[in-house]
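If you want the building blocks of each chain, they are given just below.
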2 protein chains.
Amino acid sequence: MNTLNGLIPCIISGGSGTRLWPVSRQNMPKPFMRMRDGMSLLQKTFQRAARLPGVESVLTVTNRDLLFRTLDDYRVVNKAHLPLDLLLEPFGRNTAAAIAVAALHVQEHFGDQAQLLVMPADHLISDETAFAAAVTQARELAEAGYLVTFGIQPDHAETGFGYIEKGDALGTGYRVKRFVEKPDLATAQGYLDGGKHLWNAGMFCFKASTLVDELAAHANEVLAAAKAALEHSQNLQNKTSRQRELSAEGFGAAPDISIDVALMEKSKQVAVVPCDIGWSDIGSWEALRQLTPSDPQGNQVNGEAILHDVHNCYIDSPKRVLGAVGVRDLIIVDTPDALLIADAHRSQDVRYIVAELKRQDHPAYSLHRTVTRPWGTYTVLEESSRFKIKRIVVKPQASLSLQMHHHRSEHWVVVSGAAQITNGEREFLINANESTYIPAGHKHRLTNPGIIDLVMIEVQSGEYLGEDDIVRFDDIYGRAPAADVKK
Amino acid sequence: MNTLNGLIPCIISGGSGTRLWPVSRQNMPKPFMRMRDGMSLLQKTFQRAARLPGVESVLTVTNRDLLFRTLDDYRVVNKAHLPLDLLLEPFGRNTAAAIAVAALHVQEHFGDQAQLLVMPADHLISDETAFAAAVTQARELAEAGYLVTFGIQPDHAETGFGYIEKGDALGTGYRVKRFVEKPDLATAQGYLDGGKHLWNAGMFCFKASTLVDELAAHANEVLAAAKAALEHSQNLQNKTSRQRELSAEGFGAAPDISIDVALMEKSKQVAVVPCDIGWSDIGSWEALRQLTPSDPQGNQVNGEAILHDVHNCYIDSPKRVLGAVGVRDLIIVDTPDALLIADAHRSQDVRYIVAELKRQDHPAYSLHRTVTRPWGTYTVLEESSRFKIKRIVVKPQASLSLQMHHHRSEHWVVVSGAAQITNGEREFLINANESTYIPAGHKHRLTNPGIIDLVMIEVQSGEYLGEDDIVRFDDIYGRAPAADVKK
């Protein structure tokens, strides 16, 4: 094993997890969902990757709008200070394009023989030892030039996943006879009984050169678009990470197609490593519920709930007290601005709610009440036609852009930490329990010079309070002066 | 009819309506619940009383803590500026004591022959014309010296009400043969089929002297306590109302007993007027739901809800978007700090949730997030160990007490209206979009000198933020300087 080349875990952090609304939303999708231990799925995936032997760098492919919260999440768990590579997509283009840019990037920076381990950012794996063993098996096959898939040993007749049919034995795994789409229940039962079919977990291992060569042979359009996207990417390198923002023009030319359809189903070089690793894709609230211990009544409760004759309910209400009477088999998920109540057997259908919210262009489709920005977060506490009240949290050393509003003035009251303020021509520091006033038309900037979070209350007033009343003069996060985002 | 003496509608506004939690709570009980037309049950009851002919004054018996919000509600609907009498209970002592003090008060101020019409504050009556006609019938019997009850014509075999059995015809009504307790279903069906039984609606009509005489004969302990409570009451008379705060010592001596048990079941002078007036006591969410029009799926929705295959659900979610999937027969009631989800057939059992909240001394038992004060309201928007943010609304011409806090300082930002501020030795006016700062230890007062609501944001900070850190120097509402209530 020591002869193997370096390993680059490649975390694919895309998709919106619409079936996990209202916690998962477009601008805070499923990888950022926190489990009950406080860690996000993305953090768990990173940790699982970082603990593998021989890792040279962790590569992440994600949307460019998710860069800062991805780095925030990694900062907490990247104790070993592994180097980070980030490929930033202008928009989602399915897994074929994402994996293609990953392989090309690895080939360029780590060489032809470097191995990629493709890991979706939003799955759970409970048996990390078995996972590491499966990766070792997969790397041997990858070294031999195979595109290696991971096949999960089924324990029930599942109709929600694609399957992989094992062929002849091959070293530490098997050849793949064929991939099959999501089956009906009878077929799934047949697969389970037959013992030849495994769940397709969407994880892969291969050498960079193998993937690039096979794409050239079977999906050249994907490869060409990926090359163009990288060639015209905007690059940023600092001491902790290398970031490449893919060009929209190049990336946009890639077909919206999965790696399974584009390549795996066509290539003759595909192997599978069967594994039993406690895997879950957490595809729905019901799937998450299956992983959560329940009380004697079959209920799983997070938060303050008073239950009278309630059975088999999954209740997540961290902020408000919930009273329930005589109900059973419900999924109840409460967030500050939106509430879900679903029959537990229908939790797949939550997607219909999200589709309707999207159609209505409803804020609860994309945003949480607390909105994450590169510099921290803001939460709208109260809103009316003439005023808006926000709690603003600025991370240590972070800074909002130098900006100006035409129509609104702002009162700032610091409740915790310290704020360095630019207000018109003046610069000054205010501390907890002090306040300042920014009249409309004044250029202003807010910086946290300290080492703890700055928490302040902003009271906006004026005749127009839209987030697009902003003129931005200077931004340390390189955001455009256009009035497209808040601060 | 013109020979009749004056009529004093007597609104009994007590009870907490625990089965209507989380909207009805101890400090904002059922009479204050708003129906979909924006009017509270109390306002509807007042209006129904005020429209009757011959009304001299509207008398209300309620808890002293509910005085100001009762007057606020009446102000909106008392267009005719009817005189108001208010008897303020120090605590609830059931209907016998409440009606006894009402009758004694009416006897004292309006004479022996004045008639009382006792009306619970939290019932709905949809046919006001039929109601007025029934009152006219009842007044004739009351004039002849009867204690007159109102018997609702049953339309189904209800097990949740007591029944009145009609006896011989008597003028415009019937003698009462007997009162019966809540029956089982078979008995209720027998009552319905037999045609002799009516629902006991808890409404009564009688001359003051009749009630006092009958109490003396059958329930002298109640009468004695009521006399003592009035004798030592604290009285306040102004141009719009006469208020008597009953003495706790006197009132506390009254047995906790209903007027039915104390008197009606014993007196020989009891009559009943059968009526069909569209009556509902709104005893549960299910009862309220029965009065609400439903959509083709049988759902009743208030607020923004996205429903996928949802049937026969009552949904009240005025502030947050709700997504529901595949559920039926649920009562869902959402408030800013508490949420109820109940099987519609079990809505009586909401009382168990409330009992448990009470046992835990949970704030959601007694208070809403928006708390009503004599001068207006406050809402806690956000709270942490070091700061608390409130939205404060002060009614025109209202004023908070002159006060001081030892441990917290307060930032005030006016977002709407104008504020007259006393801050230490200074007095000044601030307008929308202006702010001031009250350091800990400064005496301060806030007044709304204007004719529109003053809305302001208060940011409190300090090491201790309890509502009991208050020293009150002067209060136009006569509240004690003791640190027992906020402002």
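Sequence order as written defines the numbering, with residues in each chain counted from 1. Chains and ligands are labelled by the order in which they are written, letters from A for the one and numbers from 1 for the other. With pLDDT at 70 or above as the cut-off, local features in this predicted model cover only qualifying residues; side-chain atom pairs require 80 or more to be listed or tallied, and sums for whole chains, interfaces and linings still use all residues. Note that water and hydrogens are dropped before the side-chain values are worked out from all heavy atoms of the structure.

1. Examining the interface of chain A and chain B
Part 1: Note on contacts: a residue pair is in contact if any heavy atoms of the two residues lie within 4.5 Å. Each partner contributes to the interface: chain A provides 52 residues, whereas chain B provides 52 residues.
Part 2: Summed over both partners, the accessible area lost on bringing two parts together, with a 1.4 Å probe, is the buried area. For the pairing of chain A and chain B, the buried interface totals around 4400 Å² over both sides, and the portion due to carbon and sulfur atoms is 63%.
Part 3: Looking at the side of chain A facing chain B, the largest losses of area belong to Arg-320, Val-325 and Ile-341 of chain A, adding up to 15% of the total buried there.
Part 4: We define a salt bridge as a contact between a side-chain nitrogen of Lys or Arg and a carboxyl oxygen of Asp or Glu at a distance within 4 Å. If you look at where chain A meets chain B, you find six salt bridges.
Part 5: Between Asp-309 of chain A and Arg-346 of chain B there is a salt bridge, and its shortest N-O distance comes to 2.8 Å.
Part 6: In the analysis that follows, any N or O atom pair within 3.5 Å is treated as a polar contact, provided that within protein one partner can donate a hydrogen and the other can accept it, and provided that, for residues neighboring in sequence, both atoms belong to side chains. Taken together, the links from chain A to chain B amount to 31 residue pairs in polar contact (both at pLDDT 80 or more).
Part 7: Two strands pair when backbone bridges link them, and strand S15 (residues 314-325) of chain A and strand S17 (residues 338-343) of chain B are joined in this way by five bridges, in the parallel orientation. One requirement defines pairing of two strands: DSSP has to find at least two bridges between them. Each helix is a run of DSSP H or I of at least 4 residues and each strand a run of E of at least 2, with the numbering of both proceeding from the N terminus.

2. Brief notes about the UniProt feature "domain: MannoseP isomerase/GMP-like beta-helix" (unreviewed entry) in chain A
Part 1: What UniProt calls "domain: MannoseP isomerase/GMP-like beta-helix" (unreviewed entry) maps, in this numbering, to residues 303-357 of chain A.
Part 2: The annotated region residues 303-357 of chain A carries 15% helix and 53% strand content, and the separation between its end C-alpha atoms amounts to 26 Å. UniProt positions are given in the numbering used here, feature names are shortened, and annotations may be inferred rather than shown by experiment.

3. Notes on the pairing of strand S7 (residues 163-170) of chain A
All names here are of chain A.
Part 1: Relative to strand S8 (residues 173-180), S7 is paired through six bridges, and the arrangement is antiparallel. Considered in S8, the bridge of Tyr-163 is made with Val-180.
Part 2: Summarising the sheet, S7 and strand S9 (residues 197-207) pair through three bridges and their orientation is antiparallel. Residue pairing for S9: Ile-164 is matched across the bridge by Leu-198.

4. Considering the state of the cysteines
Residue and element names in this part refer to chain B.
Part 1: Only a pair of cysteine sulfur atoms within 2.5 Å qualifies as a disulfide here. Summed over all chains, the structure comprises zero disulfides over all chains.
Part 2: Free of any disulfide, Cys-275 has its nearest neighbouring cysteine sulfur in Cys-205, separated by 12 Å.
Part 3: Accessibility here uses a 1.4 Å probe with only protein chains present; expressed as a share of the type maximum, an area under 20% marks a residue as buried, one over 50% as exposed, and anything in between as partly exposed. Taking relative accessible area as the criterion, Cys-275 reaches 5% and is therefore assigned buried.

5. Structural notes on the relation of the copies chain A and chain B
Part 1: Least-squares superposition aligns the copies on the C-alpha atoms of those residues with pLDDT at or above 70 in both. Here chain A sits on chain B after a turn of 180 degrees about the axis and a move of 0.0 Å along it, with an RMSD of 0.2 Å. Both copies of the chain, as the preceding transformation shows, are related through a two-fold rotation axis. Minimal C-alpha separation from the rotation axis in chain A is found for Leu-381 of chain A, amounting to 3.2 Å.
Part 2: A symmetric contact is evident, with 100% of the interface residues of chain A recurring at the interface of chain B.

6. Side note on the side chain of Glu-158 of chain B
Residues and elements named next belong to chain B.
Part 1: Tracing the chain through its elements places Glu-158 in the loop between strand S6 (147-152) and strand S7 (163-170).
Part 2: Here the positive residues are Lys and Arg and the negative ones are Asp and Glu; neither His nor the chain ends is included. Despite its burial, Glu-158 remains without a salt bridge, the nearest opposite charge being carried by Arg-19 at 8.0 Å.
Part 3: Of note is the side chain of Glu-158, whose polar atom sits 2.8 Å from the side chain of His-156.
Part 4: Not counting the four nearest positions on each side in its chain, Glu-158 is found in contact with Tyr-163, Pro-183, Ala-188 and Trp-199.

7. Examining the environment of Asp-72 of chain B
Part 1: The residue Asp-72 of chain B is located in helix H2 (residues 67-77) in this model.
Part 2: Separated by 29 residues in the primary sequence, Asp-72 of chain B and Gln-43 of chain B have C-alpha atoms spaced 9.9 Å apart.

8. Some remarks on the sheet that holds strand S20 (residues 387-394) of chain A
Residues and elements named next belong to chain A.
Part 1: Strand order in this open sheet of six strands is S18-S19-S20-S27-S22-S25, and the pairing throughout is antiparallel. Here the strands that pair on one side only, and so sit at the sheet edges, are strand S18 (370-373) and strand S25 (435-438). Averaged over all pairs of adjacent strands, the angle between strand axes in this sheet comes to 20 degrees, irrespective of strand direction.
Part 2: In this structure, strand S22 (residues 408-416) lies alongside S25, joined through four bridges in antiparallel fashion. Within S25, the residue paired with Glu-410 across the bridge is Ile-438. The axes used here are C-alpha line fits, helices contributing only the stretch in contact, and every angle between their N-to-C directions lies in the interval 0 to 180 degrees.

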